[in-house]
Structures are given as structure tokens and as C-alpha cells.
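Architecture and fold: a report
These are the residues of each chain, in order.
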Amino acid sequence: AQSVTQLDSQVPVFEEAPVELRCNYSSSVSVYLFWYVQYPNQGLQLLLKYLSGSTLVKGINGFEAEFNKSQTSFHLRKPSVHISDTAEYFCAVSGLHGGSEKLVFGKGTKLTVNP
Amino acid sequence: DVKVTQSSRYLVKRTGEKVFLECVQDMDHENMFWYRQDPGLGLRLIYFSYDVKMKEKGDIPEGYSVSREKKERFSLILESASTNQTSMYLCASSLYGGGIYEQYFGPGTRLTVT
């Protein structure tokens, strides 16, 4: 069965520090990859996505992610975080079994940015 | 802006009650989804719909049913609520395939079954 693994359930960092949230997936076929963010008491919103082309994808709020096919990873990075980046981040994948109708989500990483 | 609204932010129901969760989107999207979100488990897909009156089971459909009579509205039904259905329920919509096109989420309904 397909799966998405987010390696850290919680990541605490200080403001203005860099951060990397890790995501690995299991698949031997082409995939589409996404990062969604959920701010407190809100629904999810799309940060960025990789469908094809350049393996470095830039998203909103200064985030970027790199697709690494050989390592089956799609890690999310930001060079300098703000207090307002405190949220839960979800990695998601589709197309694992040829279907493009739905996503499989990871269990989430809670990012806490401290002053 | 796409807007996905859910009928309640908080809901408290008793075991055995029939529960309806309503979701409405205003952007003429083809696909709609119901997820359940639990701490440490992420989001799990309950059901999705790719057209009016069409539905497909997700990963955890047991104990749930859905209805999509109009394009903009997708309802989740708990026929006989149980305490293990206490959770946050998120509705989402996407223009077409939710695995390629962005999914837009509602704010969620926190359901407590006592």
C-alpha cells in the first residue's frame, strides 16, 4: 500500500532560524507531491506542489521543496522562519496507483516558532 | 476566492443519533471530499464525489454515508453515531481530480459524540 512518512511529528525552532520538514513516500511509479499547511483553528491550504519539471518548487510564504526521486523524498524548507509560520504541515501524494482523484496525507508535522 | 463552508464549527451529539454534516462550495468544483482528522493520524479520506450523485469510498468509509444531490453540496451522514466517531471533520473541493488540482478546505467541524 502507498504511504507517506513525515519523519518528525514536532519541530521547535527559534524565530529567523532555518527549518526543514522531512517527507518520504513509498512508490515505484510517478507521483504528484504536495505540501499543505493548517494554521490553528483553520482548514488546510496549499503551500506548494510538484507535478513535473523542475525538482525545486517554490511556494507561498517563502517556502520551497525539492523533489528527490532517487531518495523518494520531498522535504520542505524555509531559510528564515517567523512566528506566524507556527502551524501544522502535511505532506501528501497522489498518482501512486495511477489514480489522480485523491491524495494520501502524512500524519503531519507541528512547527512551533519561538521568539 | 474559493469558499468552502461547513454547517457547524462545533457539534455535540449522543450515541446512536443520526448526524448530518453539510458542506457547500461556491466555485462550481466537480470533486468534493470528506476527511477525518485525528491527532497523530493526519487526514484520512472517508468518501469523495467526482460528480452529482456519484460517490467513491475512501480509506475509512465504515459507519459513514454521503449524499451529493447538487453540485455545490456534499453531505456526510453518520447513521448511528458512536463515540469512536468523535473527531474533526474536514470537507474539501477541487476543480477536477483532487490528486492534481488544488484542494480547497473548509474550516472543519469538531464533532463530539457522548
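Remember, predicted model here, so these are calculated numbers, not experimental data. (Residues numbered from 1 in each chain as written. Chains lettered and ligands numbered in written order. Predicted model: local features only at pLDDT ≥ 70, side-chain atom pairs only at ≥ 80, totals over all residues. Heavy atoms only, no water.)

Summing up its helical and strand segments, chain A has zero helices and 12 strands in all. Reading chain A from its N end, one meets helices and strands in the order β-β-β-β-β-β-β-β-β-β-β-β. For chain A, the C-alpha radius of gyration of 14 Å lies close to 13 Å, the compact-globule estimate for 115 residues. Overall, the C-alpha framework of chain A stretches about 45 × 30 × 20 Å when taken along its three principal axes. Burial status across chain A gives 44% buried among its 115 residues. For chain A, long-range pairs separated by at least 24 residues make up 56% of all intrachain contacts whose partners lie at least 6 apart in sequence. For chain A, the exposed surface amounts to about 5,600 Å²; the carbon and sulfur share of it is 49%. (Helix = DSSP H or I, 4+ residues; strand = E, 2+ residues; numbered from the N terminus. Rg over C-alpha atoms; globule rule 2.2 N^0.38 Å. Buried < 20%, exposed > 50% of the residue type's maximum accessible area, 1.4 Å probe, protein only. Contact = heavy atoms within 4.5 Å. Areas by Shrake-Rupley, 256 points an atom, 1.4 Å probe, with all protein chains shown as cover.)

Evaluated as defined, the whole model comprises 11 salt bridges over all chains. Ionic pairing is found between Asp8(A) and Arg22(A), a salt bridge with its closest N-O pair at 3.1 Å. Of this pair, Asp8(A) sits in the loop between strand E1 (3-6) and strand E2 (10-14) while Arg22(A) sits in the loop between strand E3 (19-21) and strand E4 (23-26), and the two are 14 residues apart along the sequence. Salt-bridge contacts for Asp38(B) lead to Arg36(B); the nearest nitrogen and oxygen are separated by 2.8 Å. Across the pair, Arg36(B) and Asp38(B) agree in class, each one buried. (Salt bridge = Lys/Arg side-chain N within 4 Å of Asp/Glu carboxyl O.)

Right, let's talk about a nonpolar patch on the surface for a bit. On the surface, Leu95(B), Tyr96(B) and Tyr101(B) cluster together into a nonpolar patch covering about 280 Å² of accessible area. As for its placement among the helices and strands, Tyr96(B) is situated in the loop between strand E9 (87-94) and strand E10 (104-105). (Patch = residues over 30% accessible without salt bridge, like charges linked within 9 Å, V, L, I, M, F, W, Y side chains within 5 Å.)

Right, let's get into the packing of aromatic side chains. Here the structure, examined in full by the defined rule, presents 14 aromatic pairs over all chains. Measuring from ring centre to ring centre gives 5.5 Å for Phe105(A) and Tyr35(B), while their planes differ by 90°; the resulting arrangement is edge-to-face. With Phe105(A) in strand E11 (residues 104-105) and Tyr35(B) in strand E4 (residues 31-38), the pair connects residues from two separate chains. Side by side, Phe105(A) and Tyr35(B) carry an identical accessibility label, which is buried. Ring pairing ties together the aromatic residues Phe34(A), Tyr36(A), Phe90(A), Phe105(A), Phe33(B), Tyr35(B), Phe48(B) and Phe105(B), which thus form one cluster. (Phe/Tyr/Trp six-rings, centres within 6.5 Å; stacked < 30°, edge-to-face > 60°.)

None of the figures reported here should be taken as evidence of function without further support.
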